[in-house]
Amino acid sequence: MIEAIQHELVLRKNELPNQFVETIYFGGGTPSLLTLDEIDSILKTIYDNYDVSETPEITLEANPDDLNEDKILELAKSDVNRLSIGIQSFFEDDLKLMNRAHNADEAYKCLDLATTHFDNISIDLIYGIPGLSNDYWLKNIETALSYNLPHISSYALTVEPKTALAKFIENGKIPDVDDEVAQQQYNILVNKLEASGFVNYEISNFGKPGWFSKNNTAYWLGKPYLGIGPSAHSYDGISRSWNVANNSKYIKSITENKLPSESETLSQENRFNEAVMTGLRTVWGVSLAKIEAEFGQEFLKHLMKNSQKYISEGLLELKNPTIEKLANHEVLTITKKGKFLCDGIASDLFILN
């Protein structure tokens, strides 16, 4: 698999010409299984075949049960300079309900160790868990803050079909997810983290100034990216591609110098919809000038017409980041009141094919 990943990197080195690699992200699956030599060999292939910036953000995703002392010491010797740790909760009951592999003790221990060797650490927290009170949710946030972390990502619990959690809810063993409670807990999260010096730069992402995730930011600003390995997705600004999910088929295809991927070219409407969706989720908003330049007057008129209702309800607002008071210099942004409803609002602004 490592050899196939390196081979794919070489096969695709000319896909994004004149692009500097600013972020390298080891995610999906269990990248913490990689040894120091394997990480180094993949990074060497990237450096040998791509233009990499002088200070790239190199992130490795891991779960608390993966990060014992030996593993953290090994990672600290590599070029990995950022950890993204799937804590999810500091409470045992929550972790059991979500069927997580780690326990609360491991959540604490891995952060005690990681924070002694890495400055740039992000953790994931989940809100809206059935049975999680607002008081306990606040304790989760305060525990995270006690580690002086520079970045926190937080998501509402989603119940996937055919999982144990879905079965428990279906059988009435535990209550269903309550959207009203989830919204309350999201508001608690935003207020507490903003009061603690974090910027809510994307609906689910909070960073201290200077510590925003380059990887997350690139995605939400619509920058091109290459996804390497089974199931990985890529985007060049116009089309998307995705690799086959089957490991054996992936390796076989790569060894035959064939890319095991499918692709689709996005229509102008789809690109507009994505620009609206991703822009509204960020602190940077949707630039009206950019919409007009990329898609034309009719798309801009559609956006402004459909936005009026939400502007009047205080869920969207127009901000002017320039001195000139010209409409096409304005930026459409989500308000604090509208944040939890962002995806639904964005979908109402879409142009349907």
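Placed above this text is the structure.
Remember, predicted model here, so these are calculated numbers, not experimental data.

Analysis parameters
Residues numbered from 1 in each chain as written. Predicted model: local features only at pLDDT ≥ 70, side-chain atom pairs only at ≥ 80, totals over all residues. Heavy atoms only, no water. Pairing = 2+ DSSP bridges. Helix = DSSP H or I, 4+ residues; strand = E, 2+ residues; numbered from the N terminus. Right-handed = clockwise from strand over helix to strand, strands pointing away. Phe/Tyr/Trp six-rings, centres within 6.5 Å; stacked < 30°, edge-to-face > 60°. Buried < 20%, exposed > 50% of the residue type's maximum accessible area, 1.4 Å probe, protein only. Lys NZ or Arg CZ within 6 Å of the ring centre and 35° of its normal.

Where strand β4 (residues 121-127) meets strand β5 (residues 151-156), six bridges bridge the pair, whose relative direction is parallel. Note that in β5 the partner of Leu125 across the bridge is Ser154. Where the polypeptide runs from β4 across helix α6 (residues 134-146) and back to β5, its parallel neighbour, the crossover connection is right-handed. Relative to strand β7 (residues 205-207), β5 runs antiparallel, the two being bridged by three bridges.

Moving on, we get to the packing of aromatic side chains. The geometry of two aromatic rings is summed up by the distance between their centres and the angle between their planes. Scanning all chains against the criterion turns up 14 aromatic pairs. Here the aromatic rings of Tyr219 and Tyr225 are separated by 6.1 Å at their centres, their planes lie at 50°, and the arrangement is tilted. By relative accessible area, which is 39% here, Tyr219 ends up partly exposed. Ring geometry for Tyr225 against Tyr235: centres 6.1 Å apart, planes inclined by 45°, an arrangement best described as tilted. Here Tyr235 lies in strand β8 (residues 233-235) and Tyr225 lies in the loop between α9 (214-220) and β8, a separation of ten residues in the sequence. Its relative accessible area of 24% is what places Tyr225 among the partly exposed residues. Judged by its relative accessible area of 11%, Tyr235 is buried. In this structure an aromatic cluster arises from ring pairing among Tyr127, Trp137, Tyr186 and Phe340. Its end group placed over the ring of Tyr136, Lys139 keeps NZ or CZ at 4.7 Å from the ring centre.

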